Amino acid sequence: MTITWEDGSLPFTYTIAEPDTESPTITGGTISDGDTDVDAEVINGSALIEVEFSEEVSGTLTLQTEAGDDVGWIGTIEGNKGTLELVKGKALDPETTYVIAGKVEDAAGNETDINITFMTASPYDGIPIEVTDATFDSIVLASKTPIVVDFTAEW
């Protein structure tokens, strides 16, 4: 198209495009919604949780308890990735339910609520038992937690 006025003209180029009406989606990350037995030591060791999106977004990201209390990790969003970074003294606890919460939007203003719930695993993987004799009169429990074992015999 050319725009013309009394003293001249100027070419003008434009593109017509379909509007973006699709909200961003979560495409991957460190943890998926509904995960159980997440190893808290591994997450704490890497000091980072990532959430990946289908497109570039802006917004907020927090790590919360199941009750909605902020755990205190630092949330940032850059490009198509959100990160939660461990703050000293705010490590994940075992056998605890956490929620990654927030809201992001793409350049067209399409929003997505984030609600990823996961549970950390128990720090113990069962109780190793060692039988020390053939009659099972004595056993050794190799456990990190105190255990009381009562045996009764009824003949």
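Once a new chain begins, its residue numbering starts again from 1 and follows that chain's sequence as written. For this predicted model, a pLDDT threshold of at least 70 governs which residues receive local features, and a threshold of 80 or more governs which side-chain atom pairs are given and counted, while totals over whole chains, interfaces and linings are taken from all residues. Heavy atoms from the whole structure form the basis of all side-chain values; hydrogens and water molecules are not counted.

Draft legend 1. Broad picture of the side chain of asparagine 44. Helix and strand definitions follow DSSP, with helices as H or I runs of at least four residues and strands as E runs of at least two, each counted in order from the N terminus. Structurally, asparagine 44 can be placed in helix H1 (residues 40-46). Relative accessible area decides the class of each residue, using a 1.4 Å probe on protein chains only: under 20% of the type maximum gives buried, over 50% gives exposed, and in between gives partly exposed. Given a relative accessible area of 18%, asparagine 44 falls into the buried group. The contact criterion used is simple: two residues touch if any of their non-hydrogen atoms lie within 4.5 Å. Dropping the residues within four chain positions of it, asparagine 44 is found in contact with Trp73, Leu86, Ala91 and Leu92.

Draft legend 2. Layout of the environment of phenylalanine 12. Structurally, the position occupied by phenylalanine 12 is in the loop between strand E2 (8-11) and strand E3 (26-29). Phenylalanine 12 sits in the partly exposed class, given a relative accessible area of 41%. Separated by 11 residues in the primary sequence, phenylalanine 12 and methionine 1 place their C-alpha atoms 5.3 Å from one another. When residues no more than four places from it in sequence are discounted, the contact partners of phenylalanine 12 are Met1, Thr2 and Ile3.

Draft legend 3. Quick peek at the sheet that holds E3. Only when DSSP finds a minimum of two bridges between them are two strands counted as paired. With antiparallel pairing, the 4 strands of this open sheet are ordered in space as E3-E4-E7-E6. In this open sheet, the two edge strands, each paired with only one partner strand, are E3 and strand E6 (74-78). The average undirected angle you get between the axes of adjacent strands in this sheet is 20°. Two elements, E3 and strand E4 (residues 48-53), share 3 bridges in a ladder whose sense is antiparallel. Its bridge partner being in E4, glycine 28 is matched across the sheet by glutamate 52. Angles shown run from 0 to 180 degrees and are taken between the N-to-C directions of axes, each axis being a line fitted to C-alpha atoms and, for helices, limited to the stretch in contact.

Draft legend 4. Inspection of the pattern of salt bridges at higher detail. Whenever a carboxyl oxygen of Asp or Glu lies within 4 Å of a side-chain nitrogen of Lys or Arg, that contact is scored as a salt bridge. Per the counting criterion, the structure on display carries 3 salt bridges. The closest approach of N and O atoms between glutamate 50 and lysine 81, which form a salt bridge, is 3.9 Å. With glutamate 50 in strand E4 and lysine 81 in strand E7 (residues 81-85), the pair connects residues that are 31 residues apart, well separated along the chain. Judged by relative accessible area, lysine 81 falls into the partly exposed class, the value being 30%.

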